[in-house]
Amino acid sequence: MPIHVQVHADKQAASGAVAARIRDLILLRQHEGRPAVLGLATGSTPLPLYAELIRLHRDTGLSFRNVITFNLDEYEGLSGDRPESYRHFMEVNLFRHLDLRPGATHVPDGTATDQDQACRAYEDAIRQAGGLDLQVLGIGRTGHIGFNEPPSARESRTRRVHLDEVTRRDNAGFFRQPEDVPHGALTMGVATIMDARQVELLAFGSAKAEIIRRTLHETPHAGCPATWLQAHPRSEEHTSELQSRQYLVCRLLLEKKT
Ligand code: F6R
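Residues numbered from 1 in each chain as written. Predicted model: local features only at pLDDT ≥ 70, side-chain atom pairs only at ≥ 80, totals over all residues. Heavy atoms only, no water.

## What about the overall build of the protein chain?
Right, so step 1: What the protein chain contains, in helices and strands, is seven helices and ten strands.
Right, so step 2: Expressed as a percentage of contacts within the protein chain between residues at least 6 apart in sequence, the contacts between residues at least 24 apart total 77%.
Right, so step 3: Carbon and sulfur atoms form 49% of the exposed surface of the protein chain, whose accessible area is close to 11700 Å². (Helix = DSSP H or I, 4+ residues; strand = E, 2+ residues; numbered from the N terminus. Contact = heavy atoms within 4.5 Å. Areas by Shrake-Rupley, 256 points an atom, 1.4 Å probe, with all protein chains shown as cover.)

Below, the structure written as C-alpha cells:
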C-alpha cells in the first residue's frame, strides 16, 4: 500500500508537521531561485495548518513572497467577495495575513461564463507555474478530494462537477440556510492532484474514520475518488530530492471514544 500514514497526537501536531514541510519547501525553492507552488484546500480541516503558517510568518519571518498558490475548488455561482465563497475563506483565514505577491493566489472562478475555458485556463496556469510542489487535501465523507465526487475518473482534470447531497449537508454550516449551498462547483481533477510532487492529506475526527479505511484498503476506483491516491508515485526520500520525487502522506487523527 503506497500511502504513507502518520498518526499524530492531535490536530496541532499533524498540522505542525505539514507546516514544517511547507516551510522546508519554501526555503528550498528560495535557495533554488524559483517559486514554491502550493495546492491549498478549504474547509475546517486545514484551519490549524493555516494558523501555523501565519505564526511561522509572523514569529519566524518566513516569507511567502516566493510562493504561488492554487486552490482546489470553488462553488459555482459565488463570486470571491461573497462570504461563503472559497476565495473569501482563503483571504480571511490565510492570504491577508501573509506577504504573498499580488496575483500569486489562484482560486477557480465560480462565476465564469465559459466554465470549460476557465477550467482549461486553470490547468494551464498550474503548468505554467511549474506544477504543484505540494498539495494539501482534506477528505469528504463521500470519498471526495477537492470536489471530485464519486464517480470521478483517475484521468479527470479541472472541471465543473455536481455536488453530492451528503457534501451539501456537511457544508451547510458555512451558509445561512442549508438550501443556499450551491449544487455545483469547479474543482481540480484527480489527475491534477495526482500530478503534485507531494500530497498531504489531513483527516481529523471519528467522522472521517470509515472513509479513511476505505481510502487505504479498497482497490482504487472512481466510486471512492480518494482511493486513486494509492497510485501516487511516492518516495520516502528527503525533501532535498523534491524535484524528481513524489510522495503522499496521509496524516490521520481519529478521535478516541470516551
Ligand atoms: C475543500 C475541499 C474538500 C474538503 C472536504 C473536507 O477545498 O476540497 O475536499 O477538504 O470536504 O472538508 P472539512 O475539512 O470541512 O471536513
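## Some remarks on the pairing of strand β6 (residues 134-137)
Right, so step 1: Every second residue of β6 is oriented toward a common face, with Leu 134 and Val 136 on one face and Gln 135 and Leu 137 on the other, all of them buried.
Right, so step 2: Sheet topology places strand β2 (residues 36-40) next to β6; two bridges connect them, and they run parallel. Across the sheet, the residue bridging to Gly 39 is Gln 135, located in β6.
Right, so step 3: Strand direction decides the pairing type here: β6 and strand β9 (residues 198-204), joined by four bridges, are parallel. Each bridged residue has a counterpart across the sheet, and for Leu 134 the counterpart in β9 is Gln 198. (Buried < 20%, exposed > 50% of the residue type's maximum accessible area, 1.4 Å probe, protein only. Pairing = 2+ DSSP bridges.)

## Remarks on the site of the ligand
Right, so step 1: Of all residues adjacent to the ligand, which total 13 residues, the nearest are Thr 42, Thr 45, Asp 73, His 144 and Gly 146.
Right, so step 2: Interatomic distance of 2.7 Å between a side-chain N/O atom of Thr 42 and an oxygen atom of the ligand.
Right, so step 3: Thr 45 places a polar side-chain atom, nitrogen or oxygen, 2.5 Å from an oxygen atom of the ligand.
Right, so step 4: With the chains in place, 91% of the 410 Å² that the ligand exposes on its own is no longer accessible.
Right, so step 5: The residue inventory of the shell around the ligand, partitioned by class, reads three nonpolar, eight polar and two charged. (Near = heavy atom within 4 Å. Polar contact = N/O pair within 3.5 Å; in protein donor to acceptor, adjacent residues only side chain to side chain. Nonpolar A, V, L, I, M, F, W, Y, C, P; charged D, E, K, R; others polar.)

## A few points about the packing of aromatic side chains
Right, so step 1: Under the counting rule described, the total for this entry stands at five aromatic pairs.
Right, so step 2: With a centroid separation of 5.9 Å and 25° between ring planes, the pair formed by Tyr 86 and Phe 147 is classed as stacked. Highlighted residues: Tyr 86 in helix α3 (residues 86-93) and Phe 147 in the loop between β6 and β7 (159-162), separated in sequence by 61 residues.
Right, so step 3: On the basis of relative accessible area, Tyr 86 is assigned to the buried category, the value being 9%.
Right, so step 4: The exposure class assigned to Phe 147 is buried, which follows from its relative accessible area of 3%.
Right, so step 5: Through successive ring pairs, a cluster of aromatic residues spans Tyr 75, Tyr 86, Phe 147 and Phe 175. (Phe/Tyr/Trp six-rings, centres within 6.5 Å; stacked < 30°, edge-to-face > 60°.)

## So, α3
Spacing of three or four residues puts side chains on the same side of an α-helix, whose turn is 3.6 residues.
Right, so step 1: For α3, the set of buried residues is Tyr 86, Arg 87, Phe 89 and Met 90. What you see down the axis of α3 is that its buried residues fit within an arc of 160°, all on one side.
Right, so step 2: On its buried face, α3 is in contact with β2, α2 (47-60), β3 (67-71), β4 (73-75) and β5 (105-106). (Arc of directions from axis to C-beta.)

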